[in-house]
Amino acid sequence: MSTQQLASVLLVEDDPHTCNIFKMVMDYHELNLTIANNAESAFEYLQKHSPDVIVLDIFLPGTDGYQIFNRIRQQSLAPNAAIIATTAYYTEETQNDVMARGFQGYLPKPLDSASLVASLENAIQNK
């Protein structure tokens, strides 16, 4: 799958540095990126749009990424979207945990911009 097939990405993230990395990578690859800084903004966006990929920060203030993931799936918001977890607070078990919960991918922080697009493509292939 090429990056051209990845039409849109929703990033649910409260860290400005991570948002900037995503924006630079997405702009470089000419991909459509929408950033939601919290759960409310994400759900508002998902009422009208269905992105190809959703990247959820696990540790957000208020509603965390796991709760957002569960609501997206329970309410069939963006039913065809691959959902990737990301976090700076992880252990060796984090990747296995997020995959067991149903996420299609995992990106540890700090993000490696060189592998970001490959991770998005892999998640789409595995959804």
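Anything mentioned here points back to the structure above.
What you see is a predicted model, and the numbers here were worked out from it, not measured in a lab.

1. Section: the nonpolar core
Of all hydrophobic cores here, the largest spans 24 residues; its most connected members are Val12, Ile54 and Phe103. Secondary structure elements with two or more residues in this core: strand S1 (8-12), helix H2 (39-46), strand S3 (53-57), helix H3 (65-74) and strand S4 (82-87). Core analysis: the next-biggest nonpolar cluster, separate from the first, contains 20 residues, Ile21, Met26, Ala82 and Leu107 among them.

2. Describing the environment of Leu31
Mapped onto the secondary structure, Leu31 falls in the loop between helix H1 (16-28) and strand S2 (32-36). Each C-alpha atom of the pair Leu31 and Ser8 lies 6.3 Å from the other, and the pair is 23 residues apart in sequence.

3. A look at the packing of H2 against H3
For the pair H2 and H3, the least separation of the axes is 11 Å and the interaxial angle reads 20 degrees. With respect to H3, the element H2 is oriented roughly parallel. In the packing of H2 onto H3, the handedness of the crossing is right-handed. Contacts between H2 and H3 involve Ala39, Phe43 and Leu46 from the former and Ile68, Arg71 and Ile72 from the latter. Residue classes in the contact of H2 with H3 are distributed as five nonpolar, no polar and one charged.

4. So, the pattern of salt bridges
Tallying each qualifying case throughout the model produces four salt bridges. Across the pair Asp27 and Lys23 runs a salt bridge whose closest N-O atoms are separated by 2.9 Å. With a gap of four residues between them, Asp27 and Lys23 both fall in helix H1, about one helical turn apart.

About the cut-offs
Residues numbered from 1 in each chain as written. Predicted model: local features only at pLDDT ≥ 70, side-chain atom pairs only at ≥ 80, totals over all residues. Heavy atoms only, no water. Core = buried A, V, L, I, M, F, W, Y, C linked by side-chain atoms within 4.5 Å. Buried < 20%, exposed > 50% of the residue type's maximum accessible area, 1.4 Å probe, protein only. Helix = DSSP H or I, 4+ residues; strand = E, 2+ residues; numbered from the N terminus. Axes fitted to C-alpha atoms, helices over the stretch in contact; angles between N-to-C directions. Parallel < 35°, antiparallel > 145°, perpendicular 65-115°, else oblique. Left-handed = near helix turned anticlockwise from the far one by under 90°. Contact = heavy atoms within 4.5 Å. Nonpolar A, V, L, I, M, F, W, Y, C, P; charged D, E, K, R; others polar. Salt bridge = Lys/Arg side-chain N within 4 Å of Asp/Glu carboxyl O.

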